Amino acid sequence: MYTSKISGLGHYVPENIVTNNDLSKMMDTNDEWIQERTGIKERRHIKKGDGNSTSVMGVKAAKIALERAELTTDDIDLIVFATLSPDMYFPGGGVQVQEMMGMRTIPALDIRNQCSGFVYAISVADQFIKTGMYKNVLVIGSENHSGGLDMTTRGRGVSVIFGDGAGAAVVTRSEEEGRGILSTHLHSEGAHAKELSLEGPNTSHWVPEIIAENPTENIPYYPYMNGQFVFKNAVVRFSEVINEGLQANNLSAVDINMLIPHQANLRISQFVQRQFKLSDDQVFNNIQKYGNTTAASIPIALSEAWEQGKIKEGDVVVLAAFGSGFTWGSAIIKW
Ligand SMILES: CC(C)(COP(=O)(O)OP(=O)(O)OC[C@H]1O[C@@H](n2cnc3c(N)ncnc32)[C@H](O)[C@@H]1OP(=O)(O)O)[C@@H](O)C(=O)NCCC(=O)NCCS
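Worth saying up front: this structure is predicted, and the values here are computed from it rather than measured. (Residues numbered from 1 in each chain as written. Predicted model: local features only at pLDDT ≥ 70, side-chain atom pairs only at ≥ 80, totals over all residues. Heavy atoms only, no water.)

Overview of the packing of aromatic side chains
Applying the stated rule across the entire model yields six aromatic pairs. Between Tyr221 and Tyr222 the ring centres are 5.9 Å apart and the planes differ by 50 degrees, which places this aromatic pair in the tilted class. With a relative accessible area of 36%, Tyr221 lands in the partly exposed category. One aromatic cluster in this structure is built from Phe229, Phe322, Phe326 and Trp328. (Phe/Tyr/Trp six-rings, centres within 6.5 Å; stacked < 30°, edge-to-face > 60°. Buried < 20%, exposed > 50% of the residue type's maximum accessible area, 1.4 Å probe, protein only.)

Shown next, in the form of structure tokens:
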């Protein structure tokens, strides 16, 4: 019986720091509003000409993860790439990573589950390993949000929240029972698909049509978010799916050594922390520095927590995510 474990982690964020004050020069917003509502102080944005893109950042994070796993590209059997902001409409970023890293003609699978993308991707990797099909899976979450945000006052409810970056994990076969990825739990509720979405361009509203309409309001190619509705659903689903994971493994909140929530909003993480009565050192947050990086947020946080020595052998680590779809999920890991 195979199990799977995370054998290496890495992350990369662009050097360009964009503070709340920087944003207030582009739109009608201010540091106090953003910090009070979201906890975010600054985020990273790709700068034109810095060579970064969603796939390029993914490769940078992946190289670090591979090195830490003490593996080479030849050891990887599958790439699972999660993003909502691919370099191209198609193909997805997985094949770009395969090419840029000079990998064999291994399969590359693209996951599009937005903020839950990394948890979905880890679950896919885990299943392929547990069935015995693959030994090492490279999982990447990467986002270039800044290229697609409305950086005017019209878009401020969304654009202040999101940032760019990438995180990666190598998931490796193990035979140690009761260790590694113990279980993953995934959900979706398409009834709320439009509450956090980017509708166009899409196959029923294609580019020439949008250009012909010359829209000035309700621009369909910027993301839309019903903030309060998302917030209310997020706190409920985070709690449910963490509980589901804990119960499946006969664990309770006191057993959690480290909760890595998707960095959606610091207020959401704090709400979840209070619900589970977790102390500050049981929950890792770095949204203050990076904003919400969607599929990249959990692997960036996991990689930083590991670098800072906050995750140790034998720890119970819980990953939990909620986002557009709506989709949500958790992973329970015995490190
Ligand atoms: C987005 C969010 C921070 C907005 O906070 P909120 O308290 O719901 O604020 P509202 O949208 O009701 O807006 C309140 C006011 O602030 C204004 N506002 C919105 N964005 C602003 C900004 N960046 N700066 C200043 N004012 C802003 C609104 O226009 C509104 O003004 P009005 O009262 O004059 O109409 C909050 O809803 C949220 O965090 N939701 C969850 C988002 C999330 O986690 N998304 C990712 C999920 S994966």
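Details of the packing of helix 3 (residues 54-68) against helix 4 (residues 93-100)
For the pair helix 3 and helix 4, interaxial distance at closest approach is 9 Å and the crossing angle is 55 degrees. Between helix 3 and helix 4, the interaxial angle falls into the category oblique. Once helix 3 is placed against helix 4, the crossing between them reads as right-handed. Contact residues: helix 3 offers Ser55, Val56 and Val59, while helix 4 offers Gly93, Gln96, Val97 and Met100. Each residue belonging to the contact of helix 3 with helix 4 can be placed in one class, and the counts come to four nonpolar, three polar and no charged. (Axes fitted to C-alpha atoms, helices over the stretch in contact; angles between N-to-C directions. Helix = DSSP H or I, 4+ residues; strand = E, 2+ residues; numbered from the N terminus. Parallel < 35°, antiparallel > 145°, perpendicular 65-115°, else oblique. Left-handed = near helix turned anticlockwise from the far one by under 90°. Contact = heavy atoms within 4.5 Å. Nonpolar A, V, L, I, M, F, W, Y, C, P; charged D, E, K, R; others polar.)

Looking at helix 2 (residues 31-38)
Where helix 2 begins, one side-chain oxygen reaches toward the backbone nitrogen of Glu32, 3.2 Å away; that side chain belongs to Asn30. Within two residues after helix 2, Gly39 carries a phi angle of roughly 80 degrees, on the positive side. (Polar contact = N/O pair within 3.5 Å; in protein donor to acceptor, adjacent residues only side chain to side chain.)

Side note on empty space enclosed by the protein
All told, the structure shown has one cavity of 30 Å³ or more when counted by the stated rule. By volume, the largest cavity is sized at about 30 Å³. Considering the residues around the largest cavity, the lining is formed by Gln263, Asn286, Tyr290, Gly291, Thr293, Ser297, Ile300 and Ala301. A total of three residues in the lining of the largest cavity trace back to one element, the largest contributor, which is helix 11 (residues 297-307). Among the residues making up the lining of the largest cavity, the classes are represented as three nonpolar, five polar and no charged. (1 Å grid on protein atoms, 1.4 Å probe; cavity = no way out; pocket = protein on both sides within 12 Å on 5 of 7 lines; lining within 4 Å. Points joined across faces, edges and corners; volume = space filled by probe spheres on them.)

Re the nonpolar core
In this structure, Ile242, Leu259 and Val318 are the most contacted members of the largest nonpolar core, which totals 38 residues. Counting only elements with at least two residues in this core, the list comes to helix 8 (227-248), helix 9 (266-275), strand 12 (316-323) and strand 13 (327-334). Broken down by element, this core gets its largest block of residues, seven residues, from helix 8. The two domains that each donate at least three residues to this core are domain 1 (3-174) and domain 2 (180-334). Not counting the four nearest positions on each side in its chain, Val318 is found in contact with Ile242, Leu246, Ile256, Met258, Leu259, Ile260, Ala331 and Ile332. The next biggest cluster of nonpolar side chains, apart from the first, holds 34 residues, and it includes Tyr120, Val137, Val171 and Val317. (Core = buried A, V, L, I, M, F, W, Y, C linked by side-chain atoms within 4.5 Å. Domains from an automatic or database assignment.)

Focus: the layout of surface pockets
In this structure, the largest pocket encloses a volume near 1200 Å³. Lining the largest pocket are 39 residues, with Leu84, Ser85, Pro86, Arg112 and Leu198 sitting closest to its centre. Per-class residue counts for the lining of the largest pocket are 18 nonpolar, 16 polar and five charged. Residue contributions to the lining of the largest pocket reach at least three from each of two domains, namely domain 1 (3-174) and domain 2 (180-334).

Focus: the sheet that holds strand 12
Strand order in this open sheet of four strands is 8-13-12-11, and the pairing throughout is mixed. One side of each edge strand has no neighbouring strand; the edge strands of this open sheet are strand 8 (180-188) and strand 11 (258-261). The mean angle between the axes of side-by-side strands here comes to 10 degrees, regardless of whether they run parallel or antiparallel. Where strand 11 lies against strand 12, four bridges are found, and the strand directions are parallel. If you follow Pro261 over to strand 12, its bridge partner there is Ala320. Helix-sheet contacts for helix 5 (residues 117-130) involve strand 8, strand 12 and strand 13, and the interaxial angle to strand 8 is about 125 degrees. (Pairing = 2+ DSSP bridges.)

Quick word on a nonpolar patch on the surface
Nonpolar side chains collect at one region of the surface, where Tyr89, Phe90, Trp206, Val207 and Ile211 lie side by side and expose about 600 Å² of accessible area between them. Tracing the sequence through the fold places Tyr89 in the loop between strand 4 (78-82) and helix 4. Residue classification places Tyr89 among the exposed positions, given a relative accessible area of 55%. (Patch = residues over 30% accessible without salt bridge, like charges linked within 9 Å, V, L, I, M, F, W, Y side chains within 5 Å. Areas by Shrake-Rupley, 256 points an atom, 1.4 Å probe, with all protein chains shown as cover. Salt bridge = Lys/Arg side-chain N within 4 Å of Asp/Glu carboxyl O.)

Focus on the pattern of salt bridges
Following the criterion strictly, the structure yields 12 salt bridges and no others. Lys25 is the partner of Asp22 in a salt bridge, and the nearest nitrogen-oxygen pair spans 3.9 Å. Classification of Asp22 as partly exposed rests on a relative accessible area of 26%. We classify Lys25 as exposed; its relative accessible area is 69%. The closest approach of N and O atoms between Arg154 and Asp150, which form a salt bridge, is 2.7 Å. Connected through salt bridges with shared partners, the residues Glu176, Arg179 and Glu313 form a single ionic network.

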